[in-house]
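Structural description and commentary
As a plain string of letters, each chain reads:
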Amino acid sequence: MSTQYEIYVEDKDTRFHCGGEQRLLHAMQAQGLGSIPVGCKGGGCGICRIQITQGRYETRKMSRTHVTEEDELLGFVLSCRVTPKSDLSLRLAPKPKEGTSESAA
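The paragraphs below set out a description of the structure included in this document.

1. Side note on the overall build of the chain
The secondary structure content of the chain amounts to two helices and seven strands. Per-residue burial over the chain gives 41% buried out of 105 residues. For the chain, the share of sequence-separated contacts (at least 6 apart) that also reach a separation of at least 24 residues comes to 57%. With the model as given, the accessible surface of the chain reaches about 6,300 Å², and the carbon-plus-sulfur share is 46%.

2. Observations regarding the environment of Arg91
Residue placement: Arg91 occurs in strand β7 (residues 88–92). When the C-alpha positions of Arg91 and Lys12 are compared, they lie 8.6 Å apart, and in sequence the two are 79 residues distant. A distance of 3.0 Å separates a polar atom in the side chain of Arg91 from a polar atom in the side chain of Glu10.

3. A word on the nonpolar core
One finds Ile7, Phe16, Leu24, Ile36, Ile50, Ile52 and Leu90 to be the most contacted residues of the largest nonpolar core, which totals 21 residues. Elements that contribute at least two residues to this core include exactly β1 (4–9), β2 (14–19), α1 (24–30), β3 (49–54), β5 (76–78) and β7. Leaving out residues up to four positions away in the same chain, Ile36 has contacts with Phe16, Leu25, Met28, Cys48, Ile50, Ser79, Leu90 and Leu92.

4. Considerations on the sheet that holds β7
Ordered by their spatial adjacency, five strands build an open sheet running β2-β1-β7-β3-β5, and the pairing between neighbours is mixed. Edge strands, defined here as strands with exactly one partner in the open sheet, are β2 and β5. Neighbouring strand axes in the sheet, compared pairwise and without regard to direction, differ in orientation by 40° on average. Where β3 and β7 come together, four bridges link them in antiparallel fashion. Looking at β7, one finds that Gln51 is bridged to Arg91.

So, how was this worked out
- Residues numbered from 1 in each chain as written.
- Predicted model: local features only at pLDDT ≥ 70, side-chain atom pairs only at ≥ 80, totals over all residues.
- Heavy atoms only, no water.
- Helix = DSSP H or I, 4+ residues; strand = E, 2+ residues; numbered from the N terminus.
- Buried < 20%, exposed > 50% of the residue type's maximum accessible area, 1.4 Å probe, protein only.
- Contact = heavy atoms within 4.5 Å.
- Areas by Shrake-Rupley, 256 points an atom, 1.4 Å probe, with all protein chains shown as cover.
- Polar contact = N/O pair within 3.5 Å; in protein donor to acceptor, adjacent residues only side chain to side chain.
- Core = buried A, V, L, I, M, F, W, Y, C linked by side-chain atoms within 4.5 Å.
- Pairing = 2+ DSSP bridges.
- Axes fitted to C-alpha atoms, helices over the stretch in contact; angles between N-to-C directions.

Written out as structure tokens, the structure is:
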């Protein structure tokens, strides 16, 4: 049986549990929650982009269109491509849009 980790979504002040072999987005959906936006569920659309602010995790291959190497070093990942290795805290991170330079206020 897989270890269960607590996942805290800072923006929504919500928590859910995720097994160590389960991807974050899938675990959230299985619990009927909508804390993280859902897109294609395969790493291609970037809708489920988040920034992990605390904790250990592993990622599967992600599109560099949505998560650059520099982004990944700052904790940006696609939640459909991440499995937790400890309890995690995260923030939602909008999909980068071409040609926009708006910053979140």
